[in-house]
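Each chain, written out:
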Amino acid sequence: MKSVFFDLDGTIVDSSEGIYASVQYAMTKLGRPSLAEKVLRSFIGPPLKDSFIKLGMTEAEAKQGVAFYRENYRQGAVLQVQVYDGMSELLQQLAANPQVKVYLATSKPEEFAKQILSHFQLAAYFDGIYGADMEGHRVAKADVLAYALANAGSVDRKQAWMIGDRQHDMVGALDNQVTPVGVLWGFGDQEELLSAGASGLVEQPSELLQLLGIA
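An unreviewed UniProt entry lists the protein under the name Phosphoglycolate phosphatase, with Enterococcus diestrammenae given as the organism.

On to the packing of aromatic side chains, then. Applying the stated criterion to the full structure yields 6 aromatic pairs. Pairing Tyr73 with Phe112 gives two aromatic rings, centres 5.0 Å apart and planes at 70°, and the pair type is edge-to-face. With Tyr73 in helix α4 (residues 59-74) and Phe112 in helix α6 (residues 110-119), the pair connects residues that are 39 residues apart, well separated along the chain. The buried category is assigned to Tyr73, whose relative accessible area is 1%. Here Phe112 falls in the buried class, since its relative accessible area comes to 2%. Ring centres of Tyr130 and Tyr147 lie 5.4 Å apart, and the angle between their planes is 85°; this geometry places the pair in the edge-to-face category. Here Tyr130 is found in strand β5 (residues 128-132), whereas its partner Tyr147 is found in helix α7 (residues 141-152), with 17 residues between them in sequence. Of the residues examined, Tyr130 reaches a relative accessible area of 11% and is grouped as buried. Cluster of aromatic residues (ring-pair linked, three or more members): Phe5, Tyr103, Tyr130 and Tyr147.

Rules and cut-offs
- Every chain begins its residue count from 1, and numbering advances along the sequence as written.
- Local features are withheld for residues below a pLDDT of 70 in this predicted model, meaning they are given only at 70 or higher, and side-chain atom pairs are given and counted only at 80 or more; totals for whole chains, interfaces and linings count all residues.
- The side-chain numbers reported here are obtained from all heavy atoms of the structure, hydrogens and water having been left aside.
- Stacked, edge-to-face and tilted are the three classes for Phe, Tyr and Trp ring pairs, Trp counted by its six-membered ring, which pair at centre distances within 6.5 Å; planes under 30 degrees apart are stacked, over 60 edge-to-face, the rest tilted.
- The numbering of helices and of strands both runs from the N terminus, where a helix is a DSSP run of H or I of at least 4 residues and a strand a run of E of at least 2.
- Only protein chains enter the accessibility calculation, which uses a 1.4 Å probe. A residue is then buried if its area is under 20% of the maximum for its type, exposed if over 50%, and partly exposed in between.

Encoded structure:
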């Protein structure tokens, strides 16, 4: 049995609009200046608190930033996303294959991930949806993937892949003895993904079927 673990932001959906708006909202509430798009882009992928700390915030300020971010996110920004072209079809094909299990492993809080997938009628394609917790104990991709693997049951890691667009996805996969595959339509580039250990790269969703030996 093959197991495919997908990242969410930058892999299944382009969530930049809602994330950028929520980060800017948090910055305003913290009394700080707005951020340039290049900096906003860096918020997609890593744990949210870590991104605030990289701006020079203290632990306490970063936690407050996360709280403000989620305040705006819950008000509607969570659904300011677009499903990447070809992803719905890919997930449908994978879900229809009896030799494949499909999971989500995202550093986005699990509550929000489930809301997004349900809204876009994608949740049914997954055998399990796993994400970060709200308390900040499980946010790093390696920890989220370990949690997903533990809950997925018996997974042959030699036949398991982590599909993502950022270095955190690749490193998290390697930490869990899962094969990392990078996608080039998200927020990371070829150099970032390869230097983080990606075993392969794809430029469009349909290419994943061949790479995984499922086509």
